[in-house]
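The lines below spell out each chain.
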Number of protein chains: 2
Amino acid sequence: MSEELSEILEKAEQAIAKRDHSRVRDLCWDLHHADLAELFEDADQEGRTFLTEALGAEKFSEVLAELPDTLVEETLNSFAPEEQREILDSLPDDDRVDILQDVSDSKRRDFLELLDEDKQEDTRTLLRYDEETAGGRMTTHIGKIREHMTVKDAIEHLRGDLESTMTLARIFVVNDEDKLVGKIRLRDLAFNAWDVSVQSLVQDIDHSILATADQEEAAQMISRYDMLILPVVDESNRLLGVITADDAFEILEEESTEDIEKGAGIAGDQSEQTYLNTSVASHFRRRCGWLVILAFLAILSGFVMMRFEHTLTEVYLLSLFLPMVVAAGGNTGGQASTMVIRAMALGELDPEDTTKVAWKEFRLGLLLGSLLAVLIGFFAVFAPPALQFTLPNGTNFTQFGFTVAIALGAQVATSTLIGALLPIGARAIKMDPAVIAAPAITTIVDVSGMVIYFTVARSILGV
Amino acid sequence: MSEELSEILEKAEQAIAKRDHSRVRDLCWDLHHADLAELFEDADQEGRTFLTEALGAEKFSEVLAELPDTLVEETLNSFAPEEQREILDSLPDDDRVDILQDVSDSKRRDFLELLDEDKQEDTRTLLRYDEETAGGRMTTHIGKIREHMTVKDAIEHLRGDLESTMTLARIFVVNDEDKLVGKIRLRDLAFNAWDVSVQSLVQDIDHSILATADQEEAAQMISRYDMLILPVVDESNRLLGVITADDAFEILEEESTEDIEKGAGIAGDQSEQTYLNTSVASHFRRRCGWLVILAFLAILSGFVMMRFEHTLTEVYLLSLFLPMVVAAGGNTGGQASTMVIRAMALGELDPEDTTKVAWKEFRLGLLLGSLLAVLIGFFAVFAPPALQFTLPNGTNFTQFGFTVAIALGAQVATSTLIGALLPIGARAIKMDPAVIAAPAITTIVDVSGMVIYFTVARSILGV
């Protein structure tokens with residue numbers, strides 16, 4: 001955010017706190033609705049009411065579309081029915097649908113009835129698509145012309161719809177059955193003679209998406225193919241609407257956040273709310289699940305530790321490196337799974353790449369394991385005597401260093417492979433790799449670390 | 001990726017393997033360059049050479065721009081100088097600059113000299129900007145008209161540049177000193193009378209960015225304000241070029257990947273290469289650093305464990321819950337830091353929000369800690385007797401359950417707060433939160449977990 005903008009937002013916050021009506025209007029009138037939404041979210045309950053009153057319903061309609069789900073209904077309710085009508089009426093149809101998807105069923109009916117019949121009909125059609133699909137995200141206000149028109153017809157037709165059309169960066173050409181025939185660039189209309197036929201200017205459509213497809217697929221297509229606008233069609237290839245690049249930004253940001261949160265054992269769909277605006281109760285609900293499960297699973301490591309208590313008591317010094325061997329597995333497994341999960345999310349890994357991944361991570365595990373084994377092995381041979389740690393009779397520091405090194409190397413090599421293959425396995429059985437990988441790896445690697453460490457210690461040190 | 005596309009790519013792979021020249025051309029000719037780049041990357045050395053030959057230099061130029069840095073130079077070298085000239089000449093200037101930024105200095109000179117003088121000059125100017133800045137990413141081929149033109153002049157001027165202009169979704173208006181005056185929509189030119197002055201149609205520019213600003217700032221602006229095109233200016237507000245939405249997708253994807261990787265202790269800038277195309281050596285370099293540091297830091301936990309060995313030996317059963325108490329801190333600290341780091345990355349948290357974050361996480365820590373304490377406390381009272389574990393004389397299972405519960409609750413509450421505040425602290429001292437938080441939290445929380453557990457055990461159980 002630019003300094004200038006931060007300054008304006010800060011001043012506006014103060015003006016809201018002072019309930020300075022005219023200053024709030026002065027400061028806020030030219031702000032982008034994304035900035036206004038931030039200001040609104042950061043205000044307290046009364047500040048919000050004040051801000052909506054200061055700005056008025058029409059100005060506020062754009063802000064509403066930027067608010068998180070949970071704030072939409074109460075904010076819309078705070079307006080009088082006539083203002084609600086004004087707000088809903090002035091929004092582009094995809095934003096209106098977004099908002100209506102966020103409110104309760106009975107409210108949705110009420111709000112819909114505020115609209116004129118045409119808009120009600122259009123909105124109801126869009127509401128049939130699930131919120132997470134391409135159809136649920138699309139706008140129907142697009143530049144659309146028929147293949148038999150001339151440039152002059154096309155320009156006149158578009159001129160009529162000009163105000164309600166979101167973008168003319170792409171104009172789509174359909175046949176008499178509304179089926180998508182191709183696209184045309186506004187420049188080709190603008191810079192051609194009026195009697196040229198549209199058909200002679202039409203270009204092929206390389207990519208379109210079914211209305212029922214997942215919104216993430218649509219966003220990835222837009223990003224992959226450097227598109228500004230992706231046409232949305234039904235099964236018969238009839239043009240229903242478009243998804244634009246700005247929708248794709250929103251979708252991809254939500255998905256990235258969701259992946260990051262899943263990796264940390266945070267449950268549930270990523271809410272559209274900011275961190276600070278999410279209630280403690282809602283944070284609690286999203287975080288407690290995995291914490292409880294992982295806590296009980298961690299008792300497994302405790303069992304292993306108790307089982308080998310004797311070994312630990314015999315060679316006290318083993319305690320010094322126990323947490324390290326266990327943690328090194330968690331770290332290297334975590335790195336491997338992070339890279340593989342991200343590669344899968346970016347569509348880089350097909351199921352048939354499994355052996356390639358395994359071979360790569362196997363070599364990496366050996367390299368990383370060897371490096372750590374050598375470094376920590378040396379440390380284990382030379383540091384403890386210098387620090388005046390002692391070993392029981394019958395063992396020496398060279399043996400001890402070997403024990404630590406071999407256990408560490410084995411643990412790192414195993415964990416790397418586990419970390420890489422678990423997400424792939426999860427996907428193969430149709431589970432979400434990001435959700436399942438982190439907890440499973442932690443548990444497996446903690447237990448395996450203890451088992452490896454104590455088993456190696458027993459066989460090398462003979463305890 | 002659609003099934004149809006996967007199928008074509010698979011067939012193309014087979015045709016490449018069979019060196020079937022005409023079939024490769026048939027299958028590949030209509031593919032998008034993003035798909036061709038994937039095909040190229042997945043092929044082996046000879047397959048790549050074959051594919052470039054089959055497609056020819058001109059077709060291949062677009063593919064080159066999609067390739068990861070490390071592949072660019074060797075691929076370009078595989079062409080004859082005349083073909084190199086053809087490739088570089090046919091690329092849009094931002095892609096050409098991207099490619100030249102990826103090759104060695106001497107090669108860059110050679111390649112530049114293949115271009116005609118005008119293009120050399122333009123390219124040299126762009127090469128002056130750092131690769132990671134707005135200037136380094138922009139294209140200079142934009143629709144640009146002067147404020148004193150009429151609609152007719154403007155259309156004629158644009159018509160002349162039509163082929164080299166990337167997009168006409170926004171046309172920018174400058175004054176005689178090339179300073180940015182405003183923007184105009186192609187539709188306003190196309191649908192207005194020819195003698196209307198450009199000045200009467202010009203709209204204000206809400207957002208522009210300095211060429212020296214970070215590319216991430218540009219991408220976030222485009223995403224936040226739903227822009228298709230962001231004008232790039234110099235200190236005197238002279239229009240230098242634009243950054244488009246497709247650049248923003250690329251930048252934001254790179255940044256998300258970088259954040260995710262940093263969180264797992266993976267070092268270095270995110271490379272543009274796919275997971276599979278990154279060599280084992282390069283994976284090794286990026287991962288080994290934190291692994292070694294964390295391994296040595298984990299010895300600190302070992303020290304604490306040795307220090308309290310006596311307590312552990314006295315009450316064997318403490319081992320059963322030790323890994324759990326330590327791990328619960330790591331998990332809850334990890335969740336808190338993940339949420340805070342992501343919120344900072346999305347620009348939701350200002351430095352003055354620190355107390356709000358602390359207050360929220362403090363309450364969350366208490367709630368999560370209490371929940372876990374109650375559940376695991378009950379388990380610790382009732383499960384061990386049922387499993388025939390014993391306690392030394394002088395202690396009973398109720399006391400033991402209390403010990404575990406209080407230690408766990410304290411550990412979770414502390415770790416949550418540490419996890420939330422560490423990233424904020426890192427940012428305050430100008431360190432990258434994503435890089436520093438994960439390792440620091442792991443180390444602190446592991447040590448604190450052991451200290452808390454054994455201290456509580458000593459005071460409650462009196463050992």
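Remarks on the overall build of chain A
1) Next: If you tally the helices and strands in chain A, you get 21 helices and six strands.
2) Next: Taken over the C-alpha atoms alone, chain A extends approximately 100 × 60 × 40 Å along its principal axes.
3) Next: Out of the 463 residues in chain A, the part that is buried amounts to 47%.
4) Next: Considering only contacts in chain A between residues 6 or more positions apart, those separated by 24 or more positions represent 71%.

What about the nonpolar core?
1) Next: Of all hydrophobic cores here, the largest spans 139 residues; its most connected members are A:Leu230, A:Val232, B:Leu230 and B:Val232.
2) Next: In this structure, B:Leu230 is in contact with B:His207, B:Ser208, B:Ile209, B:Ala218, B:Met221, B:Ile222, B:Val242 and B:Ile243, ignoring residues within four places of it in sequence.

Structural notes on the packing of helix H18 (residues 318–345) of chain A against helix H19 (residues 354–386) of chain A
For any two helices packed against each other, one specifies the crossing angle of their axes together with the interaxial distance.
All names here are of chain A.
1) Next: Interhelical geometry of H18 versus H19 gives an angle of 155 degrees and a closest axis separation of 12 Å. With respect to H19, the element H18 is oriented roughly antiparallel. Between H18 and H19 the crossing geometry is right-handed. Here Phe321, Met324, Ala328, Thr332, Ala336 and Val340 of H18 lie close against H19, whose contacting residues are Val357, Glu361, Leu368, Leu372, Ile376 and Ala380.

Quick notes on the interface of chain A and chain B
Many structure descriptions define interface size as the accessible area lost when the parts assemble.
1) Next: Every contact between the two is made by 83 residues of chain A and, on the other side, 85 residues of chain B.
2) Next: Counting residues per element, the ones that place at least two in the side of chain A that touches chain B are helix H12 (151–161), helix H13 (186–190), helix H14 (215–224), helix H15 (245–263), helix H16 (280–307), helix H17 (309–314), H18 and H19 of chain A.
3) Next: Among the elements that take part in the side of chain A that touches chain B, H18(A) stands out by supplying 17 residues, more than any other.
4) Next: Grouping the constituent residues of the side of chain A that touches chain B by class yields 50 nonpolar, 17 polar and 16 charged.

What about the pairing of strand E5 (residues 229–233) of chain A?
All names here are of chain A.
1) Next: Burial within E5 is extensive, with five of its five residues counted as buried.
2) Next: Of the two faces of E5, the one holding Ile229, Pro231 and Val233 and the one holding Leu230 and Val232 are both buried throughout.
3) Next: Bridge count for strand E4 (residues 209–210) against E5 is two bridges, and the pairing is parallel. Bridge pairing in E5 links Ile209 to Val232.
4) Next: Traced from E4 through H14 to E5, the parallel crossover comes out right-handed.
5) Next: Looking at chain direction, E5 and strand E6 (residues 239–244) are connected through five bridges and run antiparallel. Across the sheet, Val232 pairs through a bridge with Gly241, a residue of E6.
6) Next: In this structure, the hairpin formed by E5 and E6 is closed by a connection of five residues, where Asn237 is found at a positive phi of approximately 65 degrees.

Re helix H3 (residues 33–42) of chain B
1) Next: Where H3(B) is concerned, the buried positions are B:Asp35, B:Leu36, B:Glu38, B:Leu39 and B:Phe40.
2) Next: Where H3(B) is buried, its residues contact helix H1 (3–17), helix H2 (21–28), helix H4 (45–55) and helix H5 (57–64) of chain B.

Describing the relation of the copies chain A and chain B
1) Next: Superposing chain A onto chain B takes a rotation of 180 degrees combined with a translation of 0.0 Å along the rotation axis, leaving an RMSD of 0.1 Å. When the rotation and shift are considered jointly, the pair of chain copies conforms to a two-fold rotation axis.
2) Next: Most of the interface of chain A is mirrored in chain B, where 100% of its interface residues again form contacts.

Points about the confidence of the model for chain A
In low-pLDDT segments, the atomic positions of the prediction should not be examined closely.
Residues and elements named next belong to chain A.
1) Next: On average, residues of chain A carry a pLDDT of 87, and 97% of them reach 70 or more.
2) Next: Averaged pLDDT values for the elements of chain A fall to 80 in H13 and rise to 94 in E4.
3) Next: We note a pTM of 0.80 for the whole complex and an ipTM of 0.78 for its interfaces.

Topic: unusual backbone geometry
With glycine set apart, most residues show a phi of negative sign, and most peptide bonds adopt trans.
1) Next: With phi around 65 degrees, A:Lys430 is a residue other than glycine that occupies positive phi space.
2) Next: Structurally, A:Lys430 is set in the loop between helix H20 (397–428) and helix H21 (433–461).
3) Next: One non-glycine residue, B:Gln388, adopts positive backbone phi at about 60 degrees.
4) Next: Counting through the fold element by element, B:Gln388 comes out in the loop between helix H19 (354–386) and helix H20 (397–428).
5) Next: Judged by C-beta crowding, with 6 C-beta atoms within 10 Å, B:Gln388 ranks as exposed.

Quick notes on the sheet that holds strand E1 (residues 143–146) of chain B
Residue and element names in this part refer to chain B.
1) Next: With mixed pairing, the three strands of this open sheet are ordered in space as E1-E2-E3. Since the sheet does not close on itself, it has two edges, and those belong to E1 and strand E3 (180–184), each with one partner. Averaged over all pairs of adjacent strands, the angle between their axes in this sheet comes to 30 degrees, without regard to strand direction.
2) Next: Here E1 runs beside strand E2 (residues 171–174); their pairing, made up of four bridges, is parallel. Looking at E2, one finds that Lys144 is bridged to Phe172.

Regarding the sheet that holds strand E6 (residues 239–244) of chain B
1) Next: Strand order across the open sheet formed by three strands is E4-E5-E6 (chain B), with mixed pairing between neighbours. A strand with exactly one partner marks an edge of an open sheet, and here the two such strands are strand E4 (209–210) and E6 of chain B.

A short note on the environment of A:Gln120
Residue and element names in this part refer to chain A.
1) Next: If you trace the backbone, Gln120 turns up in helix H10 (residues 117–127).
2) Next: By C-beta crowding, Gln120 is classed as partly exposed, having 13 other C-beta atoms within 10 Å.
3) Next: Taking C-alpha positions, Gln120 is 10.0 Å from Asp89, a pair spaced 31 residues apart along the chain.
4) Next: Beyond its immediate chain neighbours, meaning those up to four positions away, Gln120 contacts Leu112 and Leu115.

Structural notes on the environment of A:Asp89
All names here are of chain A.
1) Next: For Asp89, the position within the fold is in helix H7 (residues 81–90).
2) Next: A sequence separation of 238 residues divides Asp89 from Ala327, and the C-alpha atoms of the two residues are 58 Å apart.
3) Next: Apart from residues lying up to four places away in sequence, Asp89 is in contact with Leu115 and Lys119.

Notes on the packing of helix H8 (residues 93–101) of chain A against H10(A)
Residue and element names in this part refer to chain A.
1) Next: With their axes 10 Å apart at the nearest point, H8 and H10 run at an angle of 65 degrees to one another. Seen from above, H8 lies across H10 with right-handed handedness. Residue-level inspection shows Asp93, Arg96, Val97 and Leu100 of H8 in contact with H10, the latter providing Asp122, Thr123, Leu126 and Leu127.
2) Next: Looking at the contact of H8 with H10 residue by residue, the classes come out as four nonpolar, one polar and three charged.

Some thoughts on the environment of A:Glu38
1) Next: Residue placement: A:Glu38 occurs in helix H3 (residues 33–42).
2) Next: For A:Glu38 and A:Leu9, which are 29 residues apart along the polypeptide, the C-alpha to C-alpha distance reads 8.9 Å.

Quick word on helix H8 (residues 93–101) of chain B
1) Next: Residues of H8(B) that are buried: B:Asp94, B:Arg96, B:Val97, B:Asp98, B:Ile99 and B:Leu100.
2) Next: Elements that come into contact with the buried residues of H8(B) comprise H5, helix H6 (69–77), helix H7 (81–90), helix H9 (105–114), helix H10 (117–127) and helix H11 (134–137) of chain B.

About the cut-offs
Residues numbered from 1 in each chain as written. Chains lettered and ligands numbered in written order. Predicted model: local features only at pLDDT ≥ 70, side-chain atom pairs only at ≥ 80, totals over all residues. Helix = DSSP H or I, 4+ residues; strand = E, 2+ residues; numbered from the N terminus. Buried ≥ 20, exposed ≤ 12 C-beta atoms within 10 Å, placed from the backbone. Contact = placed C-beta atoms within 7 Å. Core = buried A, V, L, I, M, F, W, Y, C linked by C-beta atoms within 7 Å. Axes fitted to C-alpha atoms, helices over the stretch in contact; angles between N-to-C directions. Parallel < 35°, antiparallel > 145°, perpendicular 65-115°, else oblique. Left-handed = near helix turned anticlockwise from the far one by under 90°. Nonpolar A, V, L, I, M, F, W, Y, C, P; charged D, E, K, R; others polar. Pairing = 2+ DSSP bridges. Right-handed = clockwise from strand over helix to strand, strands pointing away. Least-squares fit on C-alpha atoms with pLDDT ≥ 70 in both. pLDDT = per-residue confidence, 0-100.

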